[in-house]
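One-letter residues, chain by chain:
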Amino acid sequence: MQISNNTAVSIHYTLTNDAGEVIDSSIQSGEPLVYLHGQSNIISGLERALHGRKVGDKFTANIPASDAYGHVFEDRVQVISREMFDGIDNIEVGMQFHADVSEGPGIVTVVAVDGDNVTIDGNHPLAGMPLTFEIEVIDVRPASEEEIEHGHIHGAGGHHH
Ligand code: ZN
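Note that the coordinates shown come from a computational prediction; the quantities given were computed from them, not determined experimentally.

Parameters and conventions
Residues numbered from 1 in each chain as written. Predicted model: local features only at pLDDT ≥ 70, side-chain atom pairs only at ≥ 80, totals over all residues. Heavy atoms only, no water. Pairing = 2+ DSSP bridges. Helix = DSSP H or I, 4+ residues; strand = E, 2+ residues; numbered from the N terminus. Axes fitted to C-alpha atoms, helices over the stretch in contact; angles between N-to-C directions. Domains from an automatic or database assignment. Contact = heavy atoms within 4.5 Å. Polar contact = N/O pair within 3.5 Å; in protein donor to acceptor, adjacent residues only side chain to side chain. Phe/Tyr/Trp six-rings, centres within 6.5 Å; stacked < 30°, edge-to-face > 60°. Buried < 20%, exposed > 50% of the residue type's maximum accessible area, 1.4 Å probe, protein only. Donors = N, O, S within 2.8 Å, 3.2 Å for Na, K, Ca; no water. Tetrahedral: all angles 85-135°; square planar, octahedral: opposite > 155°, others 65-115°.

Caption draft 1: Region of interest: the sheet that holds strand β8 (residues 117-121). Spatial ordering of the open sheet is given by β5-β8-β7-β6, a layout of four strands whose pairing is antiparallel. The two strands at the open ends of the sheet, each matched to only one other strand, are β5 (77-81) and β6 (96-98). For this sheet, the mean inter-axis angle between neighbouring strands, taken without regard to orientation, is 35 degrees. For β5 and β8, the ladder comprises five bridges, and the chain directions are antiparallel. Across the sheet, the residue bridging to V77 is D121, located in β8.

Written as structure tokens, this is what we have:
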């Protein structure tokens with residue numbers, strides 16, 4: 001069966017950046033990624049590249065930043081006071097926090113610390129980067145009505161509730 005809207009798709013993937021470094025891979029964890037096709041559960045460029053594929057297909061998808069995690073927005077980089085990090089004694093570069101923001105992924109990364117000034121970046125860590133996925137399609141099945149209604153996959157690799 002081919003991948004089309006409202007199919008449950010299992011894939012193995014290896015994600016590399018444009019320097020060729022592996023950022024993430026389902027093969028390391030051993031469990032394929034399972035997602036509901038056609039509902040923007042995955043980045044748009046990858047969803048498009050998977051459309052019409054079938055079980056056993058292996059291919060490479062080169063995704064520009066605009067179809068992956070978008071562009072870098074300078075105004076998502078801010079300097080804030082250390083006092084904002086209530087109850088955290090050691091603020092270090094690379095730490096990530098959930099933030100209540102209207103735009104962006106809702107996770108900020110500490111990119112610099114200078115005395116009481118902490119610079120945070122609310123861009124997605126992969127924003128502005130073209131990405132390459134090595135893909136193998138493991139399974140394709142029709143999604144259930146309930147899954148389509150919920151907008152996500154249930155069971156192994158999906159939501160449990
Ligand atoms: Zn559900």
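What follows continues from the structure just given.
Caption draft 2: Quick peek at the domain arrangement of the protein. The domain architecture assigned to the protein consists of domain 1 (7-69 + 127-150) and domain 2 (74-121). A C-alpha centroid distance of 30 Å is found between domain 1 and domain 2.

Caption draft 3: Inspection of the pairing of strand β2 (residues 22-25) at higher detail. Sheet topology note: the strand β1 (residues 7-16)/β2 ladder contains three bridges and is antiparallel. If you follow L15 over to β2, its bridge partner there is D24. The antiparallel hairpin formed by β1 and β2 contains five residues in its connecting segment, where G20 sits at a positive phi of about 85 degrees.

Caption draft 4: The environment of Q2, seen in detail. Among the secondary structure elements, Q2 is positioned in the segment before β1. In this structure, the C-alpha to C-alpha distance between Q2 and N41, residues 39 residues apart in sequence, is 18 Å. Each residue touching Q2, except ones within four places of it in the same chain, is listed here: T7, G52, R53, K54 and V140. A distance of 3.2 Å separates a polar atom in the side chain of Q2 from the backbone oxygen of G52.

Caption draft 5: Structural context of the packing of aromatic side chains. For the structure on display, the rule yields two aromatic pairs. For the ring pair Y13 and F133, a centre distance of 6.3 Å and an interplane angle of 55 degrees mean the geometry is tilted. One end of the pair, Y13, is in strand β1; the other, F133, is in strand β9 (residues 131-142), and 120 residues separate them in sequence. Look at F133 and you get buried, because its relative accessible area is 5%.

Caption draft 6: Up close: the coordination of the zinc ion. Note on the zinc ion: its protein donors are H150 (ND1), H152 (NE2), H154 (NE2) and H161 (NE2). The metal-donor distances range over 2.0 to 2.2 Å. Here the zinc ion binds four donor atoms, and the angle range of 100 to 125 degrees at the metal identifies the geometry as tetrahedral. Mapped onto the sequence, the donors of the zinc ion take the spacing H-x1-H-x1-H-x6-H. A residue pair is termed long-range when its members are at least 10 positions apart, and H150 in helix α3 (residues 145-150) and H161 in the segment after α3 qualify at 11 residues.

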